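Coordinate analysis (summary)
Okay, here's what each chain looks like letter by letter:
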Amino acid sequence: MRLALDLAQGAAGQTGINPAVGCVVVKDGRIVGLGSHLKRGEAHAEIHALNMAGAEAAGATVYVTLEPCSHHGRTPPCCDRLIAEGVARVVVAAADPNPQVAGKGIQRLNAHGIETEVGLLEDRSHTLNEAFRKYIATGLPFVTLKTALTLDGRIAARGGHSRWITGPQAREAVHTLRHRHQAIMVGVETILSDDPELTTRLPVPALHPVRLIVDSRLRTPIGARVLNEEAPTWILTTTSADPAAAESLRKAGAELIVCGEGPRVDLTEAMKELGRREIGSVLLEGGGVLNGAMLQTGLVDKLMLFYAAKIVGSEEAPPAFAFRGPDRMTDAWPLKGVSIEHYGDDWCVTGYPASL
Ligand code: AOF
Ligand code: ZN
């Protein structure tokens, strides 16, 4: 199962709104087949692994990180294929939360005399597919807020200078995160102050997320690097935005998405619309005002805070979370499931906002 999870993890980020799934077929103590789901619309993990196993699949044990599907989606049900191959036993890490499956896969296998076991390394499967799990249940994207910050919680120095807060290892980890998300989201202030490209830059070719700019008054400059042709750019705006500015941004290649009447972009509406457009995961890269607004609106599912061991001081240095906040420390936003990883001289603190 550990190998099946590693196979799934290797393809994380390339399956769109589909889960990352891995499968290993074992017969008489040897691995006879391996597979991962590689792309939405293409074969599921079990099919690749069973194709490799061939006649060895009969009587084999199949390890799969997600309950085999029982429905006709873009591909036929994996259960039917497992039954047809005559496998003896199926070990599953986690049940499929997709309402079209949700236990029916296991039932179908049992009904055909195949022994099943569910829950082996379940936590790893759940974490790997946390975005899929939210999207399939709610139709809303899973939002990961990522920011680099100084130990005193600032994302730039007094005058706005911010390159770089963290070192090369942390920055490379962020580009891997971009590869694994379907969209990346920033506020227009970030475009105006940093002119970022918001693409994935790794030592190897990788996938670019759709670039999202929250821009209620359409202040994105026509020459901004984010409007280049490397990836699609969607601007989230309001009905009160200037039609002439909208027209020139469209001509420059951006797609405009109207979310409410203003004055600010309705972020809840924006998430619903992104879900309708089959965006299941969003990497929120701030800055502080958008981070604060998203957190306060309850739209952040996960935080990844890359801390550099430095202090920038000053009351004017922009904070990572610019919102009013509670009057009392007892009302601070708690995080749960917190873990810490080292990246060179920096640390990434990962956690999930707990409801108060
Ligand atoms: C599996 N094995 O490897 C995956 C599964 O319409 P489709 O063919 O793209 O199917 C998508 C759904 O199938 C997805 O929402 C999830 O419930 C399940 N994914 N199931 O047995 C796999 N990727
Ligand atoms: Zn399937």
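Residues numbered from 1 in each chain as written. Chains lettered and ligands numbered in written order. Predicted model: local features only at pLDDT ≥ 70, side-chain atom pairs only at ≥ 80, totals over all residues.

**Considerations on unusual backbone geometry**
For the bond from Arg163 to Trp164, the omega torsion is -5 degrees, close enough to zero to count as cis. In this model, Gly262 is joined to Pro263 through a cis peptide bond whose omega is 5 degrees. The residue Pro263 is located in the loop between strand S10 (255-258) and helix H10 (267-276) in this model. The backbone of Asp28 shows a phi angle near 50 degrees, a positive value even though the residue is not glycine. Within the secondary structure layout, Asp28 lies in the loop between strand S1 (22-27) and strand S2 (30-36). One non-glycine residue with positive phi stands out, namely Glu278, at about 60 degrees. Tracing the sequence through the fold places Glu278 in the loop between H10 and strand S11 (281-284). (Helix = DSSP H or I, 4+ residues; strand = E, 2+ residues; numbered from the N terminus.)

**Brief notes about the nonpolar core**
Ranked by size, the top nonpolar core spans 57 residues in total, and within it Met185, Ile213, Leu236, Val282 and Leu284 carry the most contacts. The element best represented in this core is strand S6 (residues 142-150), accounting for five residues. For Leu236, the residues in contact, after removing those within four places along its chain, are Leu212, Ile213, Val214, Asp215, Ile257, Cys259, Val265 and Ala270. Within the second largest apolar cluster, 33 residues are counted, among which are Ala49, Ala60, Val64 and Ala93. (Core = buried A, V, L, I, M, F, W, Y, C linked by C-beta atoms within 7 Å. Buried ≥ 20, exposed ≤ 12 C-beta atoms within 10 Å, placed from the backbone. Contact = placed C-beta atoms within 7 Å.)

**Considerations on the site of ligand 1**
Contacts to ligand 1 come from 20 residues, most closely from Val21, His37, His44, Gly73 and Asn98. By residue class, the composition of the shell around ligand 1 is nine nonpolar, seven polar and four charged. (Near = placed C-beta within 6 Å. Nonpolar A, V, L, I, M, F, W, Y, C, P; charged D, E, K, R; others polar.)

**Thoughts on the pairing of strand S8 (residues 210-214)**
Buried residues dominate S8, accounting for four of its five residues. As judged from the five bridges shared by strand S7 (residues 183-187) and S8, these two strands associate in the parallel manner. Considered in S8, the bridge of Val186 is made with Ile213. In this region the chain leaves S7, passes through helix H8 (residues 188-194) and returns to the parallel neighbour S8; the handedness of that crossover is right-handed. Where S8 and strand S9 (residues 233-237) come together, four bridges link them in parallel fashion. From the neighbouring strand, Val214 faces S9, where its bridge partner is Leu236. (Pairing = 2+ DSSP bridges. Right-handed = clockwise from strand over helix to strand, strands pointing away.)

**Re the domain arrangement of the protein**
Segmenting the protein into domains produces domain 1 (1-129) and domain 2 (139-353). Considered class by class, the residues forming the side of domain 1 that touches domain 2 number two nonpolar, three polar and no charged. (Domains from an automatic or database assignment.)

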